[in-house]
Amino acid sequence: MTSIVRDRLGTPAGVEAVRRGRWLFLLNHNTTAVTVPVPAGAVDTLTGDPLGTEAPLPGRGVLVAHLAEH
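Analysis parameters
Residues numbered from 1 in each chain as written. Predicted model: local features only at pLDDT ≥ 70, side-chain atom pairs only at ≥ 80, totals over all residues. Heavy atoms only, no water. Pairing = 2+ DSSP bridges. Helix = DSSP H or I, 4+ residues; strand = E, 2+ residues; numbered from the N terminus. Core = buried A, V, L, I, M, F, W, Y, C linked by side-chain atoms within 4.5 Å. Buried < 20%, exposed > 50% of the residue type's maximum accessible area, 1.4 Å probe, protein only. Contact = heavy atoms within 4.5 Å. Salt bridge = Lys/Arg side-chain N within 4 Å of Asp/Glu carboxyl O.

Student: Tell me about the sheet that holds strand β2 (residues 23-28), and please be specific about residues and values.
Tutor: On the basis of which strands lie adjacent, the open sheet formed by 4 strands has the order β1-β2-β6-β4 and antiparallel pairing. Two strands close off the open sheet at either side, each with one partner strand: β1 (15-20) and β4 (43-44). Relative to strand β6 (residues 62-66), β2 runs antiparallel, the two sharing 5 bridges. For Leu26, the partnering residue across the bridge sits in β6 and is Leu63.

This is the structure:
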């Protein structure tokens, strides 16, 4: 599933993307920060902030996004 989600989102090399239901887990295995695309309406689970269509992901960082219902 990881490669399918990565291909659909167009995440940078070194970023693992896994979707489980309405949850999207993005793991940056790089040491440098990247900008990752996220689906419209996604919300950062830790902060509750809406993400827009892109989100910064620090080196070795993790983002857990809650996806909007379609």
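The structure having been displayed, the exposition proceeds.
Student: Go over the nonpolar core, please, and point to the residues and values.
Tutor: Of all hydrophobic cores here, the largest spans 14 residues; its most connected members are Leu26, Val36, Val38, Leu51, Leu57 and Leu63. Secondary-structure elements contributing two or more residues to this core are β1, β2, β3 (34-37), β5 (54-57) and β6. With near-sequence residues (within four places) excluded, Val38 lies in contact with Leu26, Leu51, Gly52, Thr53, Glu54, Ala55 and Leu63.

Student: Which residues make up the environment of Leu9, and what are the values?
Tutor: As for its position among the elements, Leu9 is in helix α1 (residues 2-9). Leu9 has contacts with Ala17, Leu24, Leu26, Pro37 and Pro39, leaving out every residue within four places of it along the chain.

Student: Before we move on, can you summarise the environment of Val64 with the specific residues and values?
Tutor: As for its position among the elements, Val64 is in strand β6. C-alpha separation for the pair Val64 and Leu26, spaced 38 residues apart in sequence, amounts to 6.4 Å. Once you skip the residues sitting within four places of it in the chain, Val64 turns out to touch Trp23, Leu24, Phe25, Val43, Asp44 and Thr45.

Student: Just give me the short version of unusual backbone geometry, but keep the residues and values in it.
Tutor: Of note, Arg60 is a non-glycine position whose phi angle comes to about 60°, a positive value. Summarising the element assignment, Arg60 is placed in the loop between β5 and β6.

Student: Quick one: what's the story with the pattern of salt bridges, residue by residue and with numbers?
Tutor: Per the stated rule, a full pass over the model turns up 1 salt bridge. With a shortest N-O distance of 3.3 Å, Glu69 and Arg22 are connected by a salt bridge. Here the residue Glu69 occupies a position in the segment after β6, and Arg22 occupies one in the loop between β1 and β2, the gap between them amounting to 47 residues.

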